[in-house]
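Commentary on secondary and tertiary structure
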Amino acid sequence: MASTSVLSSNAVLASVVLLATVCACTATSPYAAGLSEDFYHTSCPQAASIVDAYVTKFLKKDRNFAGAFNRLQFHDCWVGGCDGSVLLNSTETNQAEREAHVNFGLRGVAEIDEIKAGLEHFCPGVVSCADILILAARDATAKVGGPTWTVALGRRDGVNSTALMADTNLPFPVLNFSGLVANFAAKGFGAREMITLSGAHTIGQSHCNGILPHLYNFTGRGDATDTNPAMNKNFAVFLKKLCPQGNRTNTIFIDSTANTFDRAYYKNVLQGKGIFMTDSTLITNPVGKKVVTKFSKPGSSFFTEFAAGMVKMGNLGVLTGSDCEIRKTCQFVN
């Protein structure tokens, strides 16, 4: 009987070990295949610290670059994947992504190229522009009060960039709630993740170009006084002073605390003070309003969920291994 009991116990123990081994082997990585946290550990161990130093330098000059770097990651990853294609210049025969209507006023490209030059000095031909974008967005967010997150690296740089692809994939600032949900769903993101990543509007600035449809001729009747009724009336008057009708190039902060990553964005949206129509529309849906309200309160999970959303975004359409190239300068293919 004792021998039988021992054998039975050993069998159970073996089963537990086997199950644990299977679970460990099948655990899902949060990163796309080919990416790893220590990708440059041998080839360029100082890569992350170099990017961090440059981001610190740029933010010391203008803290609003935090919003610019966040926007660059989104506008890169959403168009064909996180391959640095948003950084490429147009050519005589091709209009690149940066020329797209939805990329009007995109900032930070020259700064990313400056970081790239610094990396090339120490590790020539090693660190991709695509990875620099991911690192810069993370570092900038943390340095202006936002969350930080672990970054997996190993992306390679794409060689294709067209304005049409950008205008086709990126959400225009006039989309309603269902339009935003559909746009994010096409990339594998749910409605809550869309509302979470919209929180990036807590930092940065915008040209009036994306705000005018909110302020003038809202319903298309040709009436300049026709303003989005969801907007706080006093706030609308304030914005019209900064963005006169027809003026596309003036710039304004997109949040009341535009140089600090915080919950103010969601408070503003609830008060009818969203800068873009895509901000105001978040509370036109009951589910959306519930999430916005939750994120506006102290102790919410906004920071944690935002970090998770940025990691997930960084996995979109990555090129790895021997795909494409590692650019020598970010604005030109090799």
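Residues numbered from 1 in each chain as written. Predicted model: local features only at pLDDT ≥ 70, side-chain atom pairs only at ≥ 80, totals over all residues. Heavy atoms only, no water.

1. Focus on the environment of Pro147
One can find Pro147 in the loop between helix H5 (129-143) and helix H6 (163-169). Sequence separation between Pro147 and Asp262 is 115 residues, and the spatial gap between their C-alpha atoms is 9.5 Å. Those residues in contact with Pro147, other than ones at most four positions away along the chain, are Arg138, Thr141, Ala142, Phe261, Phe303, Phe306 and Ala307. (Helix = DSSP H or I, 4+ residues; strand = E, 2+ residues; numbered from the N terminus. Contact = heavy atoms within 4.5 Å.)

2. Looking at helix H3 (residues 65-77)
In an α-helix, one turn spans 3.6 residues, which is why side chains three or four residues apart end up on the same side. Taking 1.5 Å of rise per residue, 13 residues should cover 18 Å, and H3 covers 18 Å from first to last C-alpha, within 8% of that figure. Here H3 lies mainly inside the structure; 12 of its 13 residues are buried. Restricting attention to buried positions, one finds in H3 the residues Phe65, Ala66, Gly67, Ala68, Phe69, Asn70, Leu72, Gln73, Phe74, His75, Asp76 and Cys77. (Expected span 1.5 Å × (residues − 1). Buried < 20%, exposed > 50% of the residue type's maximum accessible area, 1.4 Å probe, protein only.)

3. A few points about the side chain of Asn169
Here Asn169 is to be found in helix H6. Looking at Asn169, its side chain comes within polar contact range of the side chain of Lys187, at 2.7 Å. Every residue in contact with Asn169, bar those within four places of it in the chain, is listed here: Trp78, Val79, Asn183 and Lys187. (Polar contact = N/O pair within 3.5 Å; in protein donor to acceptor, adjacent residues only side chain to side chain.)

4. Notes on the packing of aromatic side chains
Overall, the coordinates contain 21 aromatic pairs when judged by the stated rule. Plain terms: the ring middles of Trp78 and Phe189 are 5.3 Å apart, the flat faces sit at 50° to each other, and that makes the pair tilted. Residue Trp78 is found in the loop between H3 and helix H4 (109-122), and its partner Phe189 is found in the loop between helix H7 (177-185) and helix H8 (191-198); the two are separated by 111 residues along the sequence. Phe189 carries the same exposure label as Trp78, and that label is buried. Pairwise contacts between aromatic rings join Trp149, Phe261, Tyr265, Tyr266, Phe295, Phe302, Phe303 and Phe306 into one cluster. Against the face of Phe104 rests Arg248, its NZ or CZ located 4.5 Å from the ring centre. (Phe/Tyr/Trp six-rings, centres within 6.5 Å; stacked < 30°, edge-to-face > 60°. Lys NZ or Arg CZ within 6 Å of the ring centre and 35° of its normal.)

5. Section: the nonpolar core
If you look at the biggest cluster of nonpolar residues, it comprises 74 residues, and the most contacted ones within it are Phe69, Leu72, Leu87, Ile112, Leu119 and Met313. The element best represented in this core is H5, accounting for 8 residues. Listed in part, the 14 residues of the second largest apolar core include Tyr216, Phe235, Cys243 and Ile252. (Core = buried A, V, L, I, M, F, W, Y, C linked by side-chain atoms within 4.5 Å.)

6. Focus: the UniProt feature "binding site: Ca(2+) 1" (unreviewed entry) in the protein chain
Those residues carrying the UniProt feature "binding site: Ca(2+) 1" (unreviewed entry) are Asp76, Val79, Gly81, Asp83, Ser85 and Glu97 in this numbering. Despite a sequence span of 22 residues, these residues sit close together in the fold, their greatest C-alpha distance being 12.6 Å. In this fold, Asp76 is placed in helix H3. With a relative accessible area of 1%, Asp76 lands in the buried category. Apart from residues lying up to four places away in sequence, Asp76 is in contact with Gly81, Cys82, Asp83, Gly84, Ser85, Val86 and Leu133. Take Gly81: it is sitting in the loop between H3 and H4. The exposure class of Gly81 is buried, given its relative accessible area of 3%. Not counting the four nearest positions on each side in its chain, Gly81 is found in contact with Asp76, Leu316 and Gly317. (UniProt positions renumbered as here; feature names shortened; annotations may be inferred.)

7. A closer look at the packing of H8 against helix H14 (residues 302-313)
At a minimum axis distance of 9 Å, the contact between H8 and H14 shows a crossing angle of 100°. In terms of orientation, H8 and H14 fall into the roughly perpendicular class. Across the interface between the two elements, Arg192, Glu193, Thr196 and Leu197 from H8 touch Phe302, Glu305, Phe306, Gly309, Met310, Lys312 and Met313 from H14. Residue composition of the contact of H8 with H14, by class: 5 nonpolar, 2 polar and 4 charged. (Axes fitted to C-alpha atoms, helices over the stretch in contact; angles between N-to-C directions. Parallel < 35°, antiparallel > 145°, perpendicular 65-115°, else oblique. Nonpolar A, V, L, I, M, F, W, Y, C, P; charged D, E, K, R; others polar.)

8. What about the pattern of salt bridges?
Taken as a whole and assessed by the stated rule, the structure comprises 9 salt bridges. Put simply, Asp62 and Arg107 hold a salt bridge, and the shortest N to O gap is 3.0 Å. Separated by 45 residues along the polypeptide, Asp62 in the loop between helix H2 (47-61) and H3 and Arg107 in the loop between H3 and H4 bring together distant segments of the chain. Judged by relative accessible area, Arg107 falls into the partly exposed class, the value being 21%. (Salt bridge = Lys/Arg side-chain N within 4 Å of Asp/Glu carboxyl O.)

9. Some points on the confidence of the model for the protein chain
In the predicted model, the protein chain carries a mean pLDDT of 91, and the fraction of residues at 70 or more is 92%. With pLDDT under 50 throughout, residues 1-26 is counted as low confidence; its partners more than four residues away or in other chains account for 0 contacts. (pLDDT = per-residue confidence, 0-100.)

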